[in-house]
Amino acid sequence: MPGKLKVKIVAGRHLPVMDRASDLTDAFVEVKFGNTTFKTDVYLKSLNPQWNSEWFKFEVDDEDLQDEPLQITVLDHDTYSANDAIGKVYIDIDPLLYSEAATVISGWFPIYDTIHGIRGEINVVVKVDLFNDLNRFRQSSCGVKFFCTTSIPKCYRAVIIHGFVEELVVNEDPEYQWIDRIRTPRASNEARQRLISLMSGELQRKIGLKVLEMRGNAVVGYLQCFDLEGESGLVVRAIGTACTLDKLSSPAAFLPACNSPSKEMKESPLVHPPSHGCRSTHNSPIHTATGSRLTQNFSVSVPTLIYTGMGSGSAGKEGGPFKALLRQQTQSALEQREFPFFTLTAFPPGFLVHVGGVVSARSVKLLDRIHNPDEPETRDAWWAEIRQEIKSHAKALGCHAVVGYSESTSICEEVCILSASGTAAVLNPRFLQDGTVEGCLEQRLEENLPVGCGFCHIPYDELNMPFPAHLTYCYNCRKQKVPDVLFTTVDLPTDATVIGKGCLIQARLCRLKKKAQAEANATAISNLLPFMEYEVHTQLMNKLKLKGMNALFGLRIQITVGENMLMGLASATGVYLAALPTPGGIQIAGKTPNDGSYEQHISHMQKKINDTIAKNKELYEINPPEISEEIIGSPIPEPRQRSRLLRSQSESSDEVTELDLSHGKKDAFVLEIDDTDAMEDVHSLLTDVPPPSGFYSCNTEIMPGINNWTSEIQMFTSVRVIRLSSLNLTNQALNKNFNDLCENLLKSLYFKLRSMIPCCLCHVNFTVSLPEDELIQVTVTAVAITFDKNQALQTTKTHVEKSLQRASTDNEELLQFPLELCSDSLPSHPFPPAKATSVDYSSFADRCSSWIELIKLKAQTIRRGSIKTTVTVEKASPMGEGNFRNRSAPPCANSTVGVVKMTPLSFIPGAKITKYLGIINMFFIRETTSLREEGGVSGFLHAFIAEVFAMVRAHVAALGGNAVVSYIMKQCVFMENPNKNQAQCLINVSGDAVVFVRESELEVVSTQQPTANCQPSCTGGEVTT
Amino acid sequence: MTSELDIFVGNTTLIDEDVYRLWLDGYSVSDAVSLRVRSGILEQTGATAAVLQSDTMDHYRTFHMLERLLHAPPKLLHQLIFQIPPSRQALLIERYYAFDEAFVREVLGKKLSKGTKKDLDDISTKTGITLKSCRRQFDNFKRVFKVVEEMRGSLVDNIQQHFLLSDRLARDYAAIVFFANNRFETGKKKLQYLSFGDFAFCAELMIQNWTLGAVDSQVADMDVDLDKEFLQDLKELKMLVADKDLLDLHKSLVCTALRGKLGVFSEMEANFKNLSRGLVNVAAKLTHNKDVRDLFVDLVEKFVEPCRSDHWPLNDVRLFLNQYSASVHSLDGFRHQALWDRYMGTLRGCLLRLYHD
């Protein structure tokens, strides 16, 4: 008996009237866990019963603790007939199973009924006593922490990032079992909710086991999804990134880890016993190195050259020895893994070395009934196949890893499109292996590069490129080659130098498809997919040019399949990376040059496009500094379009076609208007209206170019469904409808949130589904964050200076802590590689220029003092105002319900997250048979989403938290039957429950609890052993 | 392309004050949209009519969902479904319970029953307030009335506690409840010149001095019902006018004190007996429910109108009433000084408030 679960039912309030005669209710509660049920006494005739029950104790295996939810049912006692259920509360007790998270769940939970919605609240207290389990072959994985956040959680430090974990469980969908014909909709819904809750518990436990096997203690970027395959079953699948995390002693302490190298040395071998051969070679010379000189430090990394012989050797011959070395290190670290994938989208500094580009794979499958739920091999095999493909695409880009990795499905009847995408990248091996460098993630570990451009440099072989591309020397460092455009699925690295602001860029596309059955249908879809990918890509590229930008971050392409159409929606955040070349304009060319009026029309359009580009440049403050060509000595070549998107689709895995999206030799900046289609395209380019002034939007965590957030946030979900007129639907009409739908939705959001101006919509997440033949549903979740406008103006005015400052401060960091750097003995060092390797392969001129760079940087460092003071003054003012704003607002204490913030971001502006309380993963079904009475479809769904928010907030509050970060609505499946006056909706949400403290209050807190700071460093060790 | 479904749900419930006002005023969505268009919001924000329509619908839906909670404001504070900052909650409640002057004047003193509810159509036509808004206001009056009707303790406190209204609004509701309970006539033509504020002022004075609560703070209905015993006792005042000597003495005392101080002295002197009879007879009649209802009609007929026809300035009225009440203390043959003060103290305040054009 490794665990005792204790539950106490305190009271209820606002219960519904269950007895019409007395207008009161005789309520009692059933508490169920596994197969054990307890009951409270009946509290007669009250809508606010006070049960004050004893502690109900369940003695259970920790395996069950992880899988099973606690089920609380509130009923109305009836002497003569069956007791009526009022509603239920499911409580996931997982957060009570890790040592650092919540210790008690206590609070008011909404009582939920799948037919009536929320019906009053119940006050419950839940505790768990865990006994130490010495069984090594246990099936549970208690203690592994889960985070939805796709970056290293704020109050933790990544010791090691182990890599990809995935798992999948399948079952029959209760909705499709024979018994469903005879049971009530309520019973059916509850069976489904319970099953999914069980399945996700099991899935999480299994993933946890895998993490323990990898010697990790946490899963970051955990993404769990449901595939409602209808007749063929229910699939719950999850992916994540296994890590070993260490709790930071205090939020303020970022550097101390580097100051105690001796301690680290002693501890690391103990905590992480050598498991890979490579580890010791890294370790021994480093930790014995006592000297702390730059040169010496470089020399200690020489032993790592051993790897040169071990790697594949095929890649990176031309990249210089260092690059090859790095690649091979990474490779050796990653080759131990089946899939070198990372679900993270933001990384510790220095983790991401190079970015290759977006890799994606799709596959069309026909669903068949899952015969044996215990053997989910088919689905596993499907995903394995797709992942293999992603891996090979990444290889083709000269990369060994994929970051910002995600998977999704779209199902319509028996056809299923599986999609996976990510960003091919070269990673720094230090973070991937055991024990090499403990802590010190904060230190910058670039190769021979100045800051902010390293990740842009191409990882692949210049002479042997996987696709036609146009390369130039990096506009930042002038040393390495960069592509002209960069697409990625990750967030903008924090050290990237960006000019101006970013913006949300969307490509939207519909394609009609004939209705068909089974194989014919799958074939039709497979045939359409490449064209859709191509067009989506072209649209993205054109819109990016139109904005005058050169890189996309957070790219997410969603392809949705319906009965008679396919929809493609790509969202990304466009930015201007200083390291990449200036994008050229867009040229329009007509096919019929003789026609005078046509010519005129063309030139008119051209003018409009040029104006738009100019306007956008002004709007997004893109004014890159003029660079005289002589510095690099190489002419800036005419930019040409180049695709970084490698994709393929396969049907039943027997055929893999690769599509070259690079438009062959055609210059991509020329749009040829040869038919009405193309005309439409150009028009649609110009119809995208920029957000009203004071508004910005992006789909990444934060808006590039805005860094002065104030504390006001508003998370929201907006859903729209449109019915297409079925008469003569054409692709164009469809495209226009879809485009209008998205644009109008955005316009509505801007209007609704106008009181928050100046503000930015962050993490704008669009999901498209096609619930029926002529219905298109778009769901948007995002957060609006206010920022300080004055501050924004100041920073933009001085943005050039700022980038200089940035370089200098970064440089300063390097110079300021040389001793710490050396004593910690990094395997590769910031400066020396450039000098050392240049002897081998670079020309004398190159070497000179790198010296010049270095001298320049030093000069800036000398100047930095004065600049830095101005920075601090600037930073101080918005903070002060933020605080003021907080205080002027009425204090929360007045309200009886504590405020719980929700945000899709991993942070809360103006606040520090002090504790992660556990993952929130909830699944709800709501059904109605009185749709009209509940205000029609809008009224029904509005109420349901509000209820879902309420239940999430209540759970967070009961855990002792005051916010949910990395909140995501993963599914919102809505079905209606207005003729029968019925509707049903399924919603799945997740996020991380946290405690945050306003920065203004933080100082007080930290002085109050100095004792709490000593322990956390050892907890990580305890968990792994 | 038609929009089947269109919703926006924020973690913090968005409340647009302007739209709330339109909703409270009972406008339909389409009327509200055209009113918003006329306000120039499209030009200010660059939005389209479709956006405005969607926004208005959305707010209306939210308000509709909130309405159930607004019927019992403490529920709004404790519910979990809508996360609304406290200041906004207060605003929602205060505005929901606010009422139109024109409407309240129509309903004040009437029985808050189904019968009156049927007349709302006419009130709506007469006042130009939408029927929907009339219904809301009427239902608010009735709801507050039902809840506090039989409660112990101070009426204003009870209203404040159960409906979380501001002090000002709670006082107004106390007046409405008090008037509805005692069914004071306020609709007569000669009372039309009086505002709700005038009546509310009188109600407050009467609650403070003439109800059961004024003597005993532990009785049910203490602030709602007039003190029956007190009303019975008021008959004793009749001797002030019935006893001729007493009346003459009273008159001479008042006249002596006010000579040279009143601009309308001669008119006062001529009218003294009539006015005094009027005021005392009003008191003596209050034992009958019918006469209680006509209290304000009587006061206006017997005192306000005669003075007004003689063009008494307000200050003269004040001097007169002060002297009139005070002089009774010097009447040796009169024993009911305390009773007189309880009656006249309140009446003097009311009359001064009622005395205007």
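With an unreviewed UniProt entry as reference, chain B is termed FGF1 intracellular binding protein, source organism Panthera leo.

Per an unreviewed UniProt entry, chain A carries the name C2 domain-containing protein 5 isoform X19 and comes from Acinonyx jubatus.

A. Main features of the overall build of chain B. Of regular secondary structure, chain B possesses 21 helices and one strand. Dimensions of chain B, computed from the C-alpha atoms along their principal axes, are close to 90 × 45 × 35 Å. The 357 residues of chain B split such that 51% are buried. For chain B, the share of sequence-separated contacts (at least 6 apart) that also reach a separation of at least 24 residues comes to 71%. Approximately 15,500 Å² of chain B is accessible, and the part contributed by carbon and sulfur atoms is 50%. Side chains of chain B carry 47 positive and 50 negative charges; the gap between the two charge centres is 3 Å.

B. Quick peek at the packing of aromatic side chains. Per the stated rule, a full pass over the model turns up 51 aromatic pairs over all chains. Between the aromatic rings of F164(A) and F339(A), the centroid separation amounts to 6.4 Å while the plane-to-plane angle is 90°, which identifies the pairing as edge-to-face. Here the residue F164(A) occupies a position in strand β10 (residues 156-171), and F339(A) occupies one in the loop between α7 (321-335) and β13 (352-366), the gap between them amounting to 175 residues. Taking relative accessible area as the criterion, F164(A) reaches 9% and is therefore assigned buried. Overall, F339(A) belongs to the buried group, its relative accessible area being 6%. Ring centres of F341(A) and Y405(A) lie 4.4 Å apart, and the angle between their planes is 35°; on these two criteria the pair is classed as tilted. Linking F341(A) in the loop between α7 and β13 with Y405(A) in strand β14 (residues 401-412), this pair joins segments that are 64 residues apart in sequence. Ring-pair connections join several aromatic residues into one group, and the members of that group are Y20(B), W23(B), F63(B), Y96(B), Y97(B), F99(B), F103(B), F141(B), F163(B), Y173(B) and F196(B). Sitting above the plane of the Y473(A) ring, K481(A) keeps its charged end 4.9 Å from the centroid. Here the basic side chain of R308(B) rests over the ring of Y193(B), its NZ or CZ set 4.6 Å away from the ring centre.

C. Representation of the interface of chain B and chain A within the structure. Each partner contributes residues to the interface: chain B has 37 residues there, and chain A has 52 residues. Interface area, chain B with chain A, both sides summed: about 4,000 Å², of which 61% is carbon and sulfur. At the surface where chain B touches chain A, the tally comes to five salt bridges. Between D58(B) and K752(A) there is a salt bridge, with the nearest N and O atoms lying 3.5 Å from each other. Here chain B and chain A share 22 residue pairs in polar contact (both at pLDDT 80 or more) between them. Residue assignment for the side of chain B that touches chain A shows that the elements contributing at least two residues are β1 (2-10), α3 (41-45), α4 (49-70), α5 (73-78) and α6 (86-97) of chain B. Of the residues belonging to the side of chain B that touches chain A, the class tally is 16 nonpolar, 13 polar and eight charged.

D. Looking closely at the pairing of strand β2 (residues 27-33) of chain A. All names here are of chain A. For β2, the tally of buried residues reaches five of seven residues, placing the bulk of the element in the interior. When β2 meets strand β5 (residues 70-76), the two strands line up antiparallel, connected through six bridges. Across the sheet, the residue bridging to A27 is D76, located in β5. Relative to strand β3 (residues 36-39), β2 is paired through four bridges, and the arrangement is antiparallel. Paired with E30 across the bridge in β3 is K39.

E. Broad picture of the packing of helix α18 (residues 936-958) of chain A against α4(B). In contact at an axis separation of 11 Å, α18(A) and α4(B) are set at 65° when each is read in the N-to-C sense. Relative to α4(B), the crossing made by α18(A) is right-handed. In contact with S938(A), G939(A), H942(A) and A943(A) of α18(A), α4(B) contributes D58(B), R61(B), T62(B) and M65(B). Residue classes in the contact of α18(A) with α4(B) are distributed as two nonpolar, four polar and two charged.

F. Region of the structure containing the pattern of salt bridges. Per the counting criterion, the structure on display carries 50 salt bridges over all chains. Among the salt bridges present, the one from R194(A) reaches E68(A), with a minimum N-O distance of 3.8 Å. Highlighted residues: R194(A) in helix α2 (residues 185-213) and E68(A) in the loop between α1 (62-67) and β5, separated in sequence by 126 residues. Taking relative accessible area as the criterion, R194(A) reaches 22% and is therefore assigned partly exposed. E68(A) gets classed as buried once you look at its relative accessible area, which sits at 13%. When the shortest N-O distance is used, the salt bridge between D227(A) and R237(A) registers 2.8 Å. With D227(A) in strand β11 (residues 218-228) and R237(A) in strand β12 (residues 234-247), the pair connects residues that are ten residues apart, well separated along the chain. A network of salt bridges, in which partner residues are shared, links K752(A), R754(A), D16(B), R36(B), D55(B), D58(B) and R61(B).

G. Up close: the sheet that holds strand β19 (residues 498-512) of chain A. Residues and elements named next belong to chain A. Taken in spatial order, the four strands of this open sheet run β18-β20-β21-β19, and their pairing is mixed. The open sheet has two edge strands, β18 (486-487) and β19, and neither has a second partner. In terms of strand pairing, strand β20 (residues 551-561) meets strand β21 (residues 565-577) through nine bridges, oriented antiparallel. The residue of β21 that forms the bridge with T560 is M567. Across the sheet, helix α9 (residues 518-546) touches β18, β19, β20 and β21, and the angle it forms with β19 is around 150°. Taken strand by strand, helix α12 (residues 731-752) contacts β19 and β21, and its axis lies near 140° from that of β19.

H. Layout of the environment of R379(A). Residues and elements named next belong to chain A. Considering the arrangement of structural elements, one finds R379 in helix α8 (residues 377-396). Since its relative accessible area comes to 4%, R379 is described here as buried. With 191 residues separating them in the primary sequence, R379 and S188 have C-alpha atoms 25 Å apart.

I. Molecular detail of a nonpolar patch on the surface. Residues and elements named next belong to chain A. Nonpolar side chains collect at one region of the surface, where W178, I179 and I182 lie side by side and expose about 370 Å² of accessible area between them. Here W178 is to be found in the loop between β10 and α2. For W178, a relative accessible area of 64% gives the class exposed.

J. The arrangement of the sheet that holds strand β32 (residues 963-977) of chain A in detail. All names here are of chain A. Pairing is mixed across the open sheet formed by four strands, whose spatial order is β30-β32-β33-β31. The open sheet is flanked by β30 (901-902) and β31 (911-928), the only strands paired with a single partner. Where β31 lies against strand β33 (residues 982-998), 16 bridges are found, and the strand directions are antiparallel. In the strand pairing of β33, R926 is matched with C985. Contacts between α18 and the sheet are confined to β30, β31, β32 and β33, with β31 contributing the most and set at about 145° to the helix.

K. View of empty space enclosed by the protein. Residues and elements named next belong to chain A. With the rule as written, the count across this model stands at 15 cavities of 30 Å³ or more. Secondary-structure elements contributing two or more residues to the lining of the largest cavity are α1, β6 (84-91), β7 (105-113), α2, β31 and α18. Of the residues in the lining of the largest cavity, the class split is 19 nonpolar, nine polar and five charged.

What counts, and where the lines are drawn
Residues numbered from 1 in each chain as written. Chains lettered and ligands numbered in written order. Predicted model: local features only at pLDDT ≥ 70, side-chain atom pairs only at ≥ 80, totals over all residues. Heavy atoms only, no water. Helix = DSSP H or I, 4+ residues; strand = E, 2+ residues; numbered from the N terminus. Buried < 20%, exposed > 50% of the residue type's maximum accessible area, 1.4 Å probe, protein only. Contact = heavy atoms within 4.5 Å. Areas by Shrake-Rupley, 256 points an atom, 1.4 Å probe, with all protein chains shown as cover. Lys, Arg positive; Asp, Glu negative; His and termini not counted. Charge placed at Lys NZ, Arg CZ, Asp CG, Glu CD. Phe/Tyr/Trp six-rings, centres within 6.5 Å; stacked < 30°, edge-to-face > 60°. Lys NZ or Arg CZ within 6 Å of the ring centre and 35° of its normal. Buried area = accessible area lost by both parts, 1.4 Å probe. Salt bridge = Lys/Arg side-chain N within 4 Å of Asp/Glu carboxyl O. Polar contact = N/O pair within 3.5 Å; in protein donor to acceptor, adjacent residues only side chain to side chain. Nonpolar A, V, L, I, M, F, W, Y, C, P; charged D, E, K, R; others polar. Pairing = 2+ DSSP bridges. Axes fitted to C-alpha atoms, helices over the stretch in contact; angles between N-to-C directions. Left-handed = near helix turned anticlockwise from the far one by under 90°. Patch = residues over 30% accessible without salt bridge, like charges linked within 9 Å, V, L, I, M, F, W, Y side chains within 5 Å. 1 Å grid on protein atoms, 1.4 Å probe; cavity = no way out; pocket = protein on both sides within 12 Å on 5 of 7 lines; lining within 4 Å. Points joined across faces, edges and corners; volume = space filled by probe spheres on them.

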